[in-house]
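Examining the three-dimensional arrangement
So the chains spell out like this:
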Amino acid sequence: MLLSAAFLLSLGAVLPELAATCLMASAALIIIRLGRWRLWRCPERPDLLMLGLGYGWLAVGSGCLGVALAMGEASVPALHLITIGGLGTLSTGVMLRLTWQRAHRTPPPHWQVLGLAGLIGGAAVCRFLAGSHPFNAPSLLWASATLWSIAFTGVAVQTIRLIQPAHLRRK
């Protein structure tokens with residue numbers, strides 16, 4: 001509810017301090033929720049850890065966006081932490097997990113999950129570091145776009161490979 005309130009408040013550019021407060025409170029609540037999930041108790045399931053990481057990106061992005069609004073700074077870099085980091089990690093994690101569960105009834109291999117998390121995390125950090133005037137740092141934009149593209153291409157290839165009927169697979 002706090003994220004919805006912050007979103008609505010930021011649309012009208014009315015009371016940015018209130019929107020900032022809602023965002024920072026949301027970040028704190030997300031962190032508390034993550035702690036209550038106790039994901040550290042399942043290190044053998046990196047697919048679940050990746051989903052927790054996605055929520056962590058949402059917390060970091062919400063907190064950074066709240067700070068940016070409170071200080072009157074540009075919000076674009078923080079929004080990319082939410083979209084690239086949070087939504088990118090969550091969407092690729094869910095796609096990979098569902099594909100592996102349907103094809104083999106098992107979670108995806110550790111190396112695929114960790115690789116995806118690293119690629120998406122790198123893309124989010126590069127885009128954040130590019131700042132609010134990204135054309136001042138085109139190399140960071142290219143790095144972000146490249147990492148993002150590699151991650152989603154990897155998921156697409158893996159999905160196509162796993163859903164292909166068994167009799168059509170090469171041995």
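Described below are features of the structure shown in this document. Quick caveat: nothing in here was measured; it's all calculated off a predicted structure.

**Remarks on the packing of aromatic side chains**
Inspection of every chain in the model, using the stated rule, returns two aromatic pairs. An angle of 80° between the planes, with centres 5.1 Å apart, marks the rings of Trp 37 and Tyr 55 as edge-to-face. Within this pair, whereas Trp 37 is found in helix H2 (residues 16-37), its partner Tyr 55 is found in helix H3 (residues 46-71), the two being separated by 18 residues in sequence. When its relative accessible area of 35% is taken as the criterion, Trp 37 is described as partly exposed. Owing to a relative accessible area of 31%, Tyr 55 belongs among the partly exposed residues under this scheme.

**Section: unusual backbone geometry**
Phi angles above zero are rare outside glycine, and Arg 38 is one such case at about 55°. Structurally, Arg 38 is set in the loop between H2 and H3. For Arg 105, which is not glycine, the phi dihedral falls at a positive 55°. Checked against the element boundaries, Arg 105 lands in the loop between helix H4 (76-104) and helix H5 (110-130). Of the residues examined, Arg 105 reaches a relative accessible area of 79% and is grouped as exposed.

**Digging into the nonpolar core**
Formed by 15 residues in total, the largest nonpolar core has its most connected members in Ile 30, Leu 58, Leu 65 and Leu 69. In this structure Ile 30 touches Tyr 55, Leu 58, Ala 59 and Ser 62, once residues within four positions along its chain are discounted. By size, the runner-up hydrophobic cluster in this structure holds 10 residues, among which are Met 50, Leu 96, Val 113 and Val 155.

**Section: the packing of H2 against H3**
Two elements in contact, H2 and H3, have axes whose closest approach is 8 Å; the angle formed by their N-to-C orientations is 160°. For the element pair H2 / H3, the angle class is roughly antiparallel. Judged by the sense of rotation from one axis to the other, the crossing of H2 with H3 is left-handed. Where H2 abuts H3, its residues Pro 16, Ala 19, Ala 20, Leu 23, Met 24, Ala 27, Ile 30, Ile 31, Leu 34 and Trp 37 lie against Gly 52, Tyr 55, Gly 56, Leu 58, Ala 59, Ser 62, Gly 63, Leu 65, Gly 66, Val 67, Leu 69 and Ala 70.

**Quick look at H5**
Given 3.6 residues per helical turn, the α-helix brings residues three or four places apart onto the same face. End to end, H5 covers 30 Å across 21 residues, agreeing with the expected 30 Å (1.5 Å per residue, within 8%). Among the residues making up H5, those that are buried are Gln 112, Val 113, Leu 116, Ala 117, Ile 120, Gly 121, Gly 122, Ala 123, Ala 124, Cys 126, Arg 127 and Ala 130. Those residues of H5 hidden inside the fold are in contact with H3, H4 and helix H6 (138-163). Following H5 by one or two positions, Gly 131 has its phi on the positive side, about 80°.

Cut-off values and rules
- Residues numbered from 1 in each chain as written.
- Predicted model: local features only at pLDDT ≥ 70, side-chain atom pairs only at ≥ 80, totals over all residues.
- Heavy atoms only, no water.
- Phe/Tyr/Trp six-rings, centres within 6.5 Å; stacked < 30°, edge-to-face > 60°.
- Helix = DSSP H or I, 4+ residues; strand = E, 2+ residues; numbered from the N terminus.
- Buried < 20%, exposed > 50% of the residue type's maximum accessible area, 1.4 Å probe, protein only.
- Core = buried A, V, L, I, M, F, W, Y, C linked by side-chain atoms within 4.5 Å.
- Contact = heavy atoms within 4.5 Å.
- Axes fitted to C-alpha atoms, helices over the stretch in contact; angles between N-to-C directions.
- Parallel < 35°, antiparallel > 145°, perpendicular 65-115°, else oblique.
- Left-handed = near helix turned anticlockwise from the far one by under 90°.
- Expected span 1.5 Å × (residues − 1).

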